Structure formats: C-alpha cells, structure tokens
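Coordinate inspection notes
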Amino acid sequence: MSESLQTCYKYLTETGRSYAPITQALEGELRHIFCIFYLVVKAMDTVEDDMTISMETKIQILKNFHNLLYQPDWKFMDSKKKTCQVLEDFPTISWEFRNLAVVYQEVIVKAVREVAVGMMEYLQKQVESVQDWDKYCDYVAASLTRGLSVIFCVTGLEDPVVGEDKRLSSSFGLFMQKTNIIRDFLEDLLNGQEFWPKEVWSKYGKKLSDFTKPENIVPAVQCLNELITNALKHVPDLLLYLSQLRNQRVFKFCSAPLMMAIATLATCYNNQQVFKGVVKIRRGQAVTLMMDSTDMQAVRAITYQYAEEVWISYIFQHSLSLRQKYAIWIYICEK
C-alpha cells in the first residue's frame, strides 16, 4: 500500500473500533473503498458532533462537503473531538478518495450529499416524531448502507437485486443508527444533542434530561424499552437482506455489525446503566460474534438468542403472576 493509504488504515483503526476489524477482513479493492468511505463519513460526523464548532461553520462545511473531496488542500484544524485527525489530515483521505475508480467516487458522493442534507436539517430542529427519527436515521445511515449495497453489486460480488432493493438496505442503516442513538443517550445529552424522538420520551417525562435523575429511572427505562422495541421491528428485513448475500466476505462484513447491534440492544434493554454511563458489549463477546456470524443458520441462532433475552426480561418486568411467568418460561424453553 502507498504511504497515504497506510495512514488511512491507521485512522480507520483509531476511529472505528468495531468497523475496522470487519473492514480489514475484506480483500483488495473492496477493503480500500470501504476504508475511505468510512473515513469520509467519519469526518462529516466529527463536524456534526463537535459542539465547539459554530452552527454557521458546520452548515458551510456540510453543505459543500461533496465538493471538498475534490479540493486537495482542504482541511479543518479547529475541531476538539477525539476523531479530529480525520479533519486535520483530510488531504490524505481525499487523495485516496480521488484515487478510487470514478464509479465508486460517484456512489460515495451521492451518499455524502444525502447525509449532509439530513445533518443540516436536524442541526436546526429537534427529532419530534417517530417519523422524524426514521427520517434522520435514513439520511445519516441508510444513505450509507444503500451505497454499500450498490458497491457490492458494481464490484460483481453480489447480484444486482442487492443494490436495487432499497427497502432492505435502508432497514440495515436504520437499525444500526437507532442502536447507536439508543446506546449513546448519555454521551449525546452531555454534548447538548437529543436524538430520541420527543413523541416517545414525552410520554415518560417533561424533559429528556430528567431521565438521568434517580427518581425518574423507572419511566426512563420504560422509554428506553419502547425505543428498543421500535428498532427490533427492522430485524425481519435484516435477515432477509443477509439471505440475499452470496459472497462470504461480504456476508460477514454485514452480519457481524448487525449481530453486535442486536447484542447491544439486548444489553441495553431494561438496563438503568444507559442513563448513568457507557453501555457496550464485552470485547470478547464482540470477537465471538464476529467469528460466529458466518452463515444464515448461525445468524438466525444468534438473533434468536438475543431476542429471547429481551423477551425474558420483558415478561419478568411486568406484573404477571408467578404461575404466568413460569408458564411462559416453559413455553420458551420448549420452543
């Protein structure tokens, strides 16, 4: 690899704890495409999340980001985020972007435009309704998974149907982004950002920030569980999307993060720690999921395992008699 591409992989490792291992497991051109794709979007994400950058500057950068990819000297030195290296050394990233085949550049630019539109819109307004939540997640994440699906097909690794079925590839992005938003509640709140839909959280409290107060932990967890239930509705689409994939490395690239996301939601379900600190699956658990997500049979088994954990947690938190709980438990074990 060129020195600049090696630098890009260094940034990938530094900024993409979960994404880096599955990307590096790919081969050749596809690995380089997804490395650069990730870093370009991470640069945008860094701008969006940095609360020290003025709104005017954010809008200006995001609005023109697709053009900045073709400006060899553009960089941004005023970010205070931990991932600021992707902005400070953006010339290295944009150089490798311009080295990609034009067809891949076009897919990335299309995704960048869509992501920027969503980021700019929701920088200036709250996520009010569940529909808003879906719309925001579609802009900033489903745009990317639709782009990834097209790239799978352009490289000839997957059948055209994978890139053409926008609903399934969009569900992939929606699920991943909702998982991140649910898990990162406290981090976002401390950064002055609120991505939980008001339509849901207003049923449980007057202000989203009230969920961090010990006296509000019960309604906070009820709200958390409702959002997790909403995210889990995408799981049938995820399984259908994965079932269409034929290339083994592409399958693992998609299945591993999806299984880790499902495990994350199961860990967050009914978990007060979401409002007190960082909730993550164990590193060993993540490695096991990456190793085991090899085919549809394994994926279905993993999905069932974590869905069962959520279901058991659900029935035991509700006001059921001991006899009812026992009957449901026996039913689950028999299934």
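All values derive from a computational prediction rather than experimental measurement.

1. A few points about the overall build of the protein
Helix and strand counts for the protein stand at 19 helices and zero strands. Here the C-alpha atoms of the protein give a radius of gyration of 20 Å, agreeing with the 20 Å that 2.2 N^0.38 yields for 335 residues. Projecting the C-alpha coordinates of the protein onto the three principal axes gives extents of approximately 70 × 45 × 35 Å. A burial count over the protein gives 52% of its 335 residues as buried. Partitioning the intrachain contacts of the protein with sequence separation of at least 6 by distance along the chain shows that 69% fall at a separation of at least 24. By element, 53% of the accessible surface of the protein is carried by carbon and sulfur atoms, the whole surface being about 15,900 Å². The centroid of the 37 positive side-chain charges in the protein is displaced by 4 Å from the centroid of its 39 negative side-chain charges.

2. Remarks on the pattern of salt bridges
For the structure on display, the rule yields 13 salt bridges. Salt-bridge contacts for Lys110 lead to Glu114; the nearest nitrogen and oxygen are separated by 2.9 Å. Pair noted here: Lys110 and Glu114 are both in helix α8 (residues 102–123), with a separation of four residues, about one helical turn. In this structure Lys110 comes out as exposed when scored by relative accessible area, which is 52%. On the basis of relative accessible area, Glu114 is assigned to the partly exposed category, the value being 21%.

3. Comments concerning the packing of aromatic side chains
On inspection of all chains with the given rule, the structure shows 18 aromatic pairs. Between the aromatic rings of Phe65 and Trp74, the centroid separation amounts to 6.1 Å while the plane-to-plane angle is 75 degrees, which identifies the pairing as edge-to-face. Since its relative accessible area comes to 0%, Phe65 is described here as buried. Trp74 sits in the buried class, given a relative accessible area of 16%. Centroid distance Trp74 to Phe90: 5.4 Å. Interplanar angle 85 degrees. Geometry classified as edge-to-face. Placement of the pair is Trp74 in the loop between α5 (65–68) and α6 (85–88) and Phe90 in helix α7 (residues 90–98), with a sequence separation of 16 residues. This pair shows no difference in class: Trp74 is buried, exactly as Phe90 is. Here the aromatic residues Tyr19, Phe34, Tyr38, Phe152 and Phe253 are joined through ring pairs into a cluster of three or more.

4. Let's talk about the nonpolar core
One finds Phe34, Phe65, Trp196 and Phe275 to be the most contacted residues of the largest nonpolar core, which totals 114 residues. At 14 residues, the largest contribution of residues to this core is made by helix α16 (residues 248–268).

5. Some points on the environment of Lys82
Note that Lys82 resides in the loop between α5 and α6. In this structure, the C-alpha to C-alpha distance between Lys82 and Thr23, residues 59 residues apart in sequence, is 21 Å.

6. Considerations on the state of the cysteines
What we call a disulfide is simply a covalent bond connecting the sulfur atoms of a pair of cysteines. A complete count under the given rule lists zero disulfides for this structure. Cys84 forms no disulfide, and the closest cysteine sulfur to it belongs to Cys8, at a distance of 16 Å. With a relative accessible area of 16%, Cys84 lands in the buried category.

7. Here we look at a positive patch on the surface
Together, Arg17, Lys82, Lys280 and Arg283 make up a region of like positive charge exposed at the surface. Among the secondary structure elements, Arg17 is positioned in the loop between α1 (3–15) and α2 (19–24). Given the relative accessible area of 41%, Arg17 is considered partly exposed.

Definitions and limits used
- Every chain's residues receive numbers from 1 upward, in the order its sequence appears when written.
- With the structure being a predicted model, the display of local features is reserved for residues of pLDDT at least 70 and the display and counting of side-chain atom pairs for 80 or more, all residues being used for whole-chain, interface and lining totals.
- Side-chain numbers here rest on the full set of heavy atoms in the structure, without hydrogens or water.
- Comment: elements are numbered from the N terminus, with helices defined as DSSP H or I runs of at least four residues and strands as E runs of at least two.
- Computation of the radius of gyration draws on C-alpha atoms alone. For the globule rule, the value is 2.2 Å times the number of residues to the power 0.38.
- For each residue, the accessible area found with a 1.4 Å probe, counting protein chains only, is set against the maximum for its type, and the residue is called buried under 20%, exposed over 50%, and partly exposed in between.
- Note on contacts: a residue pair is in contact if any heavy atoms of the two residues lie within 4.5 Å.
- Under the convention used here, a 1.4 Å probe and the Shrake-Rupley method define accessible areas, while residue burial counts only the protein chains that appear.
- For this count, His and the chain ends are skipped, Lys and Arg are scored as positive, and Asp and Glu as negative.
- In plain terms, the charge of a residue is placed at NZ if it is Lys, CZ if Arg, CG if Asp and CD if Glu.
- For this document, the term salt bridge refers to a Lys or Arg side-chain nitrogen within 4 Å of an Asp or Glu carboxyl oxygen.
- Here a pair means two rings of Phe, Tyr or Trp (six-membered ring of Trp) with centres within 6.5 Å. Their orientation is stacked below 30 degrees between planes, edge-to-face above 60, and tilted elsewhere.
- Only buried residues count toward a nonpolar core. Its members are Ala, Val, Leu, Ile, Met, Phe, Trp, Tyr and Cys residues joined through side-chain atoms within 4.5 Å.
- The criterion for a disulfide is a pair of cysteine sulfur atoms lying within 2.5 Å.
- Within this analysis, patches are made of residues with over 30% relative accessible area and no salt bridge. Like charges are joined at 9 Å or less; nonpolar side chains (Val, Leu, Ile, Met, Phe, Trp, Tyr) at 5 Å or less.

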